[in-house]
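Report on the structure
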Amino acid sequence: MLTDAGFTDATFHGWTGYVTSSTTQGGLVMARKPGGEPAASGDGPACTVAGHACRTTKALSLSYGLLCYLIFFGTFLYAVGFVGNLVVPKSLDSGEVVPLGEAVAVNVLLLGLFAVQHSVMARPTFKRWWTRFVPPQVERSTYVLASSVALILMFRLWRPVSGVVWEVGQPFAAVLWVLFGVGWVLVLVSTFLLDHFDLSGLRQVVLYARGRPYAPPPFRTPALYKVVRHPVMLGFLTAFWAAPTMTWGHLLFVGVTTAYIFVGVFLEERDLKHAHGDTYEEYRRQVGMIVPRVGRAR
């Protein structure tokens, strides 16, 4: 759904894509030559055999990163159909109807599994531990893959909850469908405004395969990020709530995900403030979190 000093590499917390630094976060730890300057990623011990760069390791890392990206993008597209009850074989309001208690328990468990995975694996402490076992250049790809798997599991096991909370007719239904589409476009565009391929882990494995050092994108606030601090989150909230027909199952989904979004933003902004100090604090004072501010604070 972006802490330590040094900026040897970076991680993007949650869905927004802001960068904080850590010695093992975000994909590729840059080796350093004896003089102190960054070495090419191929110079690192993880990709050398008898003093020579290991092309097999680079090729495997690149292939793995590409596969993770394709799964991620396919999952994103399926999510559009899942939430909107469009095209896909299994959506929020389709599937076997089970007793209410069972449906609520299963659905909350599935949403909780995704929330825990998505937040815990984004934390700097976990990343420092995790990259002892996972090659740093594919850490971000692995995070993206784990998130995709958690979502796929939710798509497969979600239990619909019947009953209609609201249902609107034309022309209001058309307006909501437009907002639904705008929300998903906003999510995707916002990732590209920062660095879509860094967020998805693809940039890290490409640089590694080319034997070039990884440098994290600098902290910046392009376009939409000058209006709200979390346009990706705004996009998700817009898409989730813009439902011409809101069933109880859909309401359960958007209620839990909305709560998780605000918890995730809190955790993320805590990390960003720790990483960027007064710079981020001033940005937070000037720009609204989810809702644009009419005027900037003085």
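Our structure's up above, just so we're on the same page.
Read on for an overview of the structure.

Quick notes on the rules
Residues numbered from 1 in each chain as written. Predicted model: local features only at pLDDT ≥ 70, side-chain atom pairs only at ≥ 80, totals over all residues. Heavy atoms only, no water. Axes fitted to C-alpha atoms, helices over the stretch in contact; angles between N-to-C directions. Helix = DSSP H or I, 4+ residues; strand = E, 2+ residues; numbered from the N terminus. Parallel < 35°, antiparallel > 145°, perpendicular 65-115°, else oblique. Left-handed = near helix turned anticlockwise from the far one by under 90°. Contact = heavy atoms within 4.5 Å. Core = buried A, V, L, I, M, F, W, Y, C linked by side-chain atoms within 4.5 Å. Buried < 20%, exposed > 50% of the residue type's maximum accessible area, 1.4 Å probe, protein only.

Details of the packing of helix H5 (residues 172-194) against helix H8 (residues 231-241)
To describe two helices that pack against each other, one gives the angle between their axes and the distance between the axes. Closest axis-to-axis distance for the H5/H8 pair is 7 Å, and the angle between their directions is 160°. It follows that H5 is roughly antiparallel to H8 by the angle criterion. Both H5 and H8 take part in a crossing whose hand is left-handed. Across from Leu-179, Phe-180, Gly-183, Trp-184, Leu-186, Val-187, Ser-190 and Thr-191 in H5, the residues of H8 making contact are Pro-231, Val-232, Leu-234, Gly-235, Phe-236, Thr-238, Ala-239 and Phe-240.

Brief notes about the nonpolar core
Among soluble globular proteins, nonpolar side chains are generally buried collectively. With 41 residues, the main nonpolar core has Val-83, Met-154, Trp-158, Trp-184, Phe-240 and Phe-253 as its most contacted residues. Contributing elements (two or more residues each) for this core: helix H1 (55-84), helix H2 (100-120), helix H4 (139-157), H5, H8, helix H9 (248-276) and helix H10 (278-286). Every residue in contact with Trp-158, bar those within four places of it in the chain, is listed here: Phe-82, Lys-90, Ser-91, Leu-92, Asn-107, Leu-110, Leu-111, Gly-249, Leu-252 and Phe-253. Membership of the second largest hydrophobic core comes to 5 residues, among which are Tyr-69, Val-134, Leu-202 and Val-205.

Structural notes on helix H7 (residues 202-209)
By the burial criterion, the buried members of H7 are Leu-202, Gln-204, Val-205, Leu-207 and Tyr-208. Buried residues along H7 sit in contact with H1, H4 and helix H6 (196-199). A positive backbone phi angle near 70° is found at Gly-211, which sits one or two residues after H7.

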